[in-house]
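Residue-level structural notes
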There are 2 protein chains.
Amino acid sequence: MSTERLIYLPLGGAGEIGMNAYVYGYGEPGKERLILVDLGVAFPDMDTTPGVDLIMPDISWLAERADQLEAIFITHGHEDHIGAVAHLYDRLNVPVYARAFTANLARRKMEERGHDPEKIITVSPYPEKLELGPFTVSAVPISHSIPESGGLLIDCPAGRVIHTGDFKIDHNPIVGEPFDPELWAEISKPGVKALVCDSTNVFSQHEGRSESELAPAITKLISEAPGMVAATTFASNVARVKTLAEAGERAGRSIVLLGRAMRRMIEASLETGVLTDFPKVIQVEEAQEIPRENLMLITTGSQGERRAATAQLARGKYRGMELKEGDLFLFSSKTIPGNEKGVIWIMNQFSEKGVDVVDDSSGLYHVSGHANGPDLEKMHEIVKPQMVIPMHGEHRHLRQHARLAEKKGMASAIAVNGMMMDLTGDAPKVADYIDTGRTYLDGSVKIGAMDGVVRDRIRMALNGHVVVTVIMDEDDEPLGEPWVDLKGVAETGASDAALVEIMEADLHQFVMRAGAKTLKDDDKLEQELRRIARNTANQEIGKKPEATIIVSRMR
Amino acid sequence: MSTERLIYLPLGGAGEIGMNAYVYGYGEPGKERLILVDLGVAFPDMDTTPGVDLIMPDISWLAERADQLEAIFITHGHEDHIGAVAHLYDRLNVPVYARAFTANLARRKMEERGHDPEKIITVSPYPEKLELGPFTVSAVPISHSIPESGGLLIDCPAGRVIHTGDFKIDHNPIVGEPFDPELWAEISKPGVKALVCDSTNVFSQHEGRSESELAPAITKLISEAPGMVAATTFASNVARVKTLAEAGERAGRSIVLLGRAMRRMIEASLETGVLTDFPKVIQVEEAQEIPRENLMLITTGSQGERRAATAQLARGKYRGMELKEGDLFLFSSKTIPGNEKGVIWIMNQFSEKGVDVVDDSSGLYHVSGHANGPDLEKMHEIVKPQMVIPMHGEHRHLRQHARLAEKKGMASAIAVNGMMMDLTGDAPKVADYIDTGRTYLDGSVKIGAMDGVVRDRIRMALNGHVVVTVIMDEDDEPLGEPWVDLKGVAETGASDAALVEIMEADLHQFVMRAGAKTLKDDDKLEQELRRIARNTANQEIGKKPEATIIVSRMR
């Protein structure tokens, strides 16, 4: 009997939304040949990752086995699937495969980071296939909220795996290929061992709606607007951008794309042919000459991103354009949890300008890009796999998705980041637990999530920071008095005198009384000074700041 | 003609949700006798107020005129209306009036802060009235998601004002008085000059639902649950707590209240008689002896608060109780924008334990406590005021509410914090702009929002903090080399050597080359050292940390 096995190991995206990275392997245990599906990012927030630029999966496990890795395959161009490729490429250094539109985006990213864009290889969709070690891989067109999403058909001696990538069931997605149930049935016919399947919308209990349902409502809204119209959506949702632009054009408006990502996505779509007809776009400079009621802006920043076009318009002028009383702003988007406050801030800024804001609360101006609960069941039904492995979702999504599958008699398992699953048998089983985690892009460097750097930032943000400086002379006697600097700490507390002075007096008293043994011992001295500084602060202001103690010795 | 005027001045709550504080005044300009309606708090977040404990309105304007202030009136016991009373009381020092339940809560708060609870005076509802200088004030029972909310009927020589406080139209609120349209019509009959009216739910386009609609669905859910049940809601929503407890009791479960606020609210309700029948509650110690399928926990922390009972249960055991595979957790609550991530974290923790989480996405297990758009129009219709002044809401809510009123021919105005409105004439007009702002409770001290303390914390959180120490000898020559400490800054960057060492070398090079003039000038020296430290960091790690420069001189 063969000792070779088929493994599945999520390094990101399983137990969270974002930062997708899934490893498949086939071979003898420990010697599997590997492929990596997706290498995405997640986005930081002030609560847990202040100051961080991007969050990426920790790929140490994979990097240590780079010689076993055959290739990376990117299913589609969303940042949470493609965003880390250029940042982590040099640790893996294998070919990166993607369909034309996705490859176009990936190449731009590689160029920006100084990597060779030729490492990105365009693949044609199914029935074309790639031989990657023991694997044969095809990208099967699947509908999603970005052009050219590819579900992966992965064959190996242990059987056939379908990795859906992110998808929805949309028979008329406007741009890109419609979902084709017959195609999925056809590729499933030989028998599918495992369906590794998107889970993000499993709690939505109605059938998903098609992108094509939006045009009438959007067109009506824009045609009835008396002033300038601006609308935002994810730039990568090319179909939506097209729907918005066409609605503007039909209302006799000239279209302006605002924001770098918006222009780049349309560019990539035209270059790769996923978009053939798109309304004429004018430059923002030309827009100055056109009456505002004949203009329509399509802007980046639907999630309230501070530097994007939408937020800049909310603050005031952006590239000469300004929204005013009687204008309309449309959020053709859903607010991702965590971004509510930023989006609401923008809505209120527009409200102060007298701009009418329309969002998705009516359900008329946005549809999701992910398969809802009933759609997932339909997919299970079409593919009829031996097992369903829920991927891309928080724990609660994976759990609910596993339940749906099990209810219908399919084997399933909740496999979160770091759980290596053996898919060789009739049901998934845990083969190993791998240390996984997060790598932060912080400025221009990569730091580990557990390095303590971000923890220290959070502590300073919560508690403030006090710096105590003491100079010790050649005889280890204090030279002058201790010196205190505060940052992010209240200046005055209970005693109504400056906290700095009270703290300096307490510290001075201590060093004057301390024995030679303490004064000579750096660790001991630091520890005592820290304790005193924090206790004094606690008495005065009811908080214990972080403390840095600097003991300078003249000896 | 009289020169006396009626003014309205929001100091908090108008242009935001939370932190309500509304001033009314009557008299000659500048000499008005004043009353303050509500004195609430808002809650901090990491994005804008890290480390802060509570946010309160800046009442400087009012404190400077404390001798003109007759009284404070608290409409109801929600924190955003009552929360700052005990913190700011000593700057105002006038009687505080409230209905019995609200007064009970306010007294506990006064005691906790060491103030005299007797400053809180219980008032009976309409038709009882208080004479407060030129004002006559009555608390008119109105339904809301807390017992004994009181809308205020405020008479003065300029006419009658109705200040709704927070409210909903609920004809069967389970606990507390139903909304009584005839009563509101009766008090409006003499003619109402201004309806100052809750705006938070103005965008909800359906009629509000009654608290009483929830019992069947909640009862069904709990009776069908196989294991332990826990449910959370706002502790102050006594009606909901009662509905939950009764549903538990009907399902043969013993009820345990977990969390201090939960027990305190039920206590206050029983003490003041707003609650007469409540299912028997057992102590958590007794619960250990009862089979889990016969238990129902009602817990604090519906907004994901880290220290509340819900979050503690999500992390593990809380007071001996633990949820397990097959148990049910119900969020009988809505997540307030900004709290999504905390709530989702809890849901995933429960998911990992195998606990089924049910939230409000079905609409079956929660109703709002605020009047929706159509309810507000109904209120306008009943009161038929000369003018509607929207209060309590973000700018977008106030604007939408003003529109509703204007469409029906009533005068209106968007009056945000600091806008003093003159209500004497037929329409509201701006009388003055007052400086307002926010005061933070930070540990045990109060700091101003613009003091720079919180700004420094945010900067340290985003950029980290570098401390540079230089010792200058008696001749203003550097004694030893500059010394660098990093906190919240990556340790290594582009050069692959320790950032501390590279920075110290750059700083050393600078001080060795610097002229005597620079070395003698503290400001100049600090400025240069800061520039170098930040530039070196920027080259190495692509970030410019905050910098504290400490120059110690031996002279």
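In the nomenclature of an unreviewed UniProt entry, chain A is known as Ribonuclease J 1 of Tritonibacter multivorans.

Below, the discussion takes up the overall build of chain A. Helix and strand counts for chain A stand at 17 helices and 28 strands. Counting only C-alpha atoms and orienting by the principal axes, one finds that chain A spans roughly 85 × 75 × 45 Å. A burial count over chain A gives 59% of its 555 residues as buried. Of the contacts formed within chain A by residues at least 6 apart in sequence, a portion of 70% connects residues at least 24 apart. Total accessible area on chain A is roughly 21700 Å²; 46% of this is exposed by carbon and sulfur atoms. Chain A carries 61 positive and 83 negative side-chain charges, and their two centres are separated by 2 Å.

Right, let's get into the domain arrangement of chain A. All names here are of chain A. Under the domain assignment used here, chain A contains domain 1 (5-206 + 368-448), domain 2 (215-362) and domain 3 (464-553). A separation of 31 Å is found between the C-alpha centroids of domain 1 and domain 2. Contact with domain 1, which involves 14 residues of that partner, is made by 16 residues of domain 2. Summing both sides of the interface, domain 1 and domain 2 together bury roughly 1300 Å²; the carbon and sulfur share of this comes to 59%. Taken as a group, Phe101, Arg108 and Val175 account for 39% of the area that domain 1 buries against domain 2, more than any other trio of residues on that side. Our count for the domain 1 to domain 2 interface comes out at four salt bridges. The partner of arginine 264 in a salt bridge is glutamate 112, with the nearest N and O atoms 2.5 Å apart. The class makeup of the residues in the side of domain 1 that touches domain 2 is eight nonpolar, three polar and three charged.

With that settled, consider the pairing of strand β24 (residues 438-442) of chain A. All names here are of chain A. Of all five residues in β24, four are buried; the element is thus mostly enclosed. Relative to β24, strand β5 (residues 54-57) is paired through four bridges, and the arrangement is antiparallel. Within β24, the position partnered with leucine 54 by the bridge is leucine 441. In the sheet, β24 pairs with strand β25 (residues 445-448) via four bridges, with the strands oriented antiparallel. The residue bridging leucine 441 from the neighbouring strand is lysine 446, located in β25. Adjacent in sequence and paired antiparallel, β24 and β25 are bridged by two residues, among which glycine 443 carries a positive phi angle near 65 degrees.

Another point: helix α15 (residues 499-513) of chain A. For α15 of chain A, built from 15 residues, the straight-helix expectation of 21 Å at 1.5 Å per residue is met to within 8% by its first-to-last C-alpha distance of 21 Å. Residues of α15 of chain A that are buried make contact with β26 (465-472), β27 (483-487), α16 (516-520) and α17 (522-541) of chain A.

With respect to the helices, strands and loops of the structure, glutamate 267 of chain A is situated in helix α8 (residues 260-271). Its relative accessible area of 40% is what places glutamate 267 of chain A among the partly exposed residues.

Glancing now at the environment of leucine 529 of chain A. Residue and element names in this part refer to chain A. Position of leucine 529 among the secondary structure elements: in helix α17. Accessibility expressed as a relative area gives 0% for leucine 529, which makes it buried. Spatially, the C-alpha atoms of leucine 529 and valine 470 are 9.3 Å apart, while their sequence positions differ by 59 residues. If we ignore the near neighbours within four places in the chain, the residues touching leucine 529 are Val470, Leu507, Phe510, Val511, Ile549 and Val551.

Let us now look at the sheet that holds strand β15 (residues 254-258) of chain B. All names here are of chain B. The strand order across the open sheet built from five strands is β15-β16-β14-β17-β18, with neighbouring strands paired in parallel fashion. If you trace the sheet from one side to the other, it starts and ends with β15 and β18 (356-358), each paired once. When strand polarity is set aside, the average angle formed by the axes of neighbouring strands in this sheet is 20 degrees. Pairing analysis gives four bridges linking strand β14 (residues 229-232) to strand β17 (residues 328-331), with the strands arranged parallel. Residue pairing across strands places valine 229 opposite leucine 328, the latter belonging to β17. Sheet contacts for helix α8 (residues 260-271): β15 and β16 (295-299); angle to β15, the most-contacted strand, approximately 110 degrees.

All names here are of chain B. Close contact between helix α6 (residues 215-224) and helix α7 (residues 238-250) brings their axes to 9 Å; oriented N to C, the two are set at 40 degrees. The pairing of α6 with α7 is recorded here as oblique in orientation. The handedness of the crossing between α6 and α7 is right-handed. Across the interface between the two elements, Ala215, Ile218, Thr219 and Ile222 of α6 pack against Arg240, Thr243, Leu244, Ala247, Gly248 and Arg250 of α7. For the contact of α6 with α7, the per-class residue count stands at five nonpolar, three polar and two charged.

A word on the UniProt feature "domain: Metallo-beta-lactamase" (unreviewed entry) in chain A. Per the UniProt entry, the sites bearing "domain: Metallo-beta-lactamase" (unreviewed entry) are residues 18-218 of chain A in this numbering. Here residues 18-218 of chain A runs as 20% helix and 28% strand, with 29 Å between its end C-alpha atoms.

Here we take up the interface of chain A and chain B. By a widely used convention, the size of an interface equals the accessible area lost when the partners come together. Listed as interface residues are 60 residues of chain A and, on the opposing side, 60 residues of chain B. Considering only the surface of chain A that becomes buried against chain B, Met46, Arg396 and Lys487 of chain A emerge as the three largest contributors, covering 13% of it. At the junction of chain A with chain B, the criterion picks out eight salt bridges. Those elements that place two or more of their residues in the side of chain A that touches chain B are α11 (340-353), α13 (395-407), β25, α14 (453-463), β26, β27, α17 and β28 (546-553) of chain A. For the side of chain A that touches chain B, the class distribution of residues is 24 nonpolar, 17 polar and 19 charged.

The next point concerns the relation of the copies chain A and chain B. When chain A is fitted to chain B, the residual RMSD is 0.1 Å, and the transformation amounts to a turn of 180 degrees plus an axial shift of 0.0 Å. The symmetry that links the two subunits is that of a two-fold axis. A symmetric contact is evident, with 100% of the interface residues of chain A recurring at the interface of chain B.

To continue, consider α8 of chain B. Residue and element names in this part refer to chain B. Taking 1.5 Å of rise per residue, twelve residues should cover 16 Å, and α8 covers 16 Å from first to last C-alpha, within 8% of that figure. When we look at burial in α8, the residues that qualify are Met262, Arg264, Met265, Ile266, Ala268 and Ser269. Its buried side turned inward, α8 meets α4 (100-112), α7, β15 and β16. Following α8 by one or two positions, glycine 273 has its phi on the positive side, about 80 degrees.

Regions with low pLDDT carry predicted coordinates that are not meant to be interpreted in detail. Residues at a pLDDT of 70 or more form 100% of chain A, whose mean pLDDT is 97. Here the complex is predicted with pTM 0.96, and the ipTM for its interfaces comes to 0.95.

Residues and elements named next belong to chain B. The side-chain alternation of β14 yields two buried faces, one formed by Val229 and Ala231 and the other by Ala230 and Thr232. Bridging between β14 and β16 involves four bridges; their strand directions are parallel. Along β16, the bridge assignment pairs threonine 232 with threonine 299.

Residues and elements named next belong to chain A. In this chain, tyrosine 126 is followed by proline 127 through a cis amide linkage whose omega measures 15 degrees. Position of proline 127 among the secondary structure elements: in the loop between β8 (120-122) and β9 (130-132). Residue methionine 19 is not a glycine yet carries a positive backbone phi of 60 degrees. Inspection of the secondary structure puts methionine 19 in the loop between β2 (14-15) and β3 (21-27). Take methionine 19: its relative accessible area is 1%, and that puts it in the buried class. Even without glycine at this site, arginine 319 takes up a positive phi of about 50 degrees. Here arginine 319 falls in the partly exposed class, since its relative accessible area comes to 38%.

Glancing now at the packing of aromatic side chains. Residue and element names in this part refer to chain A. Summed over the entire model, instances satisfying the criterion amount to twelve aromatic pairs over all chains. With a centroid separation of 6.3 Å and an interplanar angle of 5 degrees, the aromatic rings of phenylalanine 179 and tryptophan 184 are classed as stacked. Here phenylalanine 179 and tryptophan 184 have matching classes, each one buried. Three or more aromatic residues link up through ring pairs in this structure, and these residues are Tyr8, Tyr22 and Tyr24.

Reading the values: rules and limits
Residues numbered from 1 in each chain as written. Chains lettered and ligands numbered in written order. Predicted model: local features only at pLDDT ≥ 70, side-chain atom pairs only at ≥ 80, totals over all residues. Heavy atoms only, no water. Helix = DSSP H or I, 4+ residues; strand = E, 2+ residues; numbered from the N terminus. Buried < 20%, exposed > 50% of the residue type's maximum accessible area, 1.4 Å probe, protein only. Contact = heavy atoms within 4.5 Å. Areas by Shrake-Rupley, 256 points an atom, 1.4 Å probe, with all protein chains shown as cover. Lys, Arg positive; Asp, Glu negative; His and termini not counted. Charge placed at Lys NZ, Arg CZ, Asp CG, Glu CD. Domains from an automatic or database assignment. Buried area = accessible area lost by both parts, 1.4 Å probe. Salt bridge = Lys/Arg side-chain N within 4 Å of Asp/Glu carboxyl O. Nonpolar A, V, L, I, M, F, W, Y, C, P; charged D, E, K, R; others polar. Pairing = 2+ DSSP bridges. Expected span 1.5 Å × (residues − 1). Axes fitted to C-alpha atoms, helices over the stretch in contact; angles between N-to-C directions. Parallel < 35°, antiparallel > 145°, perpendicular 65-115°, else oblique. Left-handed = near helix turned anticlockwise from the far one by under 90°. UniProt positions renumbered as here; feature names shortened; annotations may be inferred. Least-squares fit on C-alpha atoms with pLDDT ≥ 70 in both. pLDDT = per-residue confidence, 0-100. Phe/Tyr/Trp six-rings, centres within 6.5 Å; stacked < 30°, edge-to-face > 60°.

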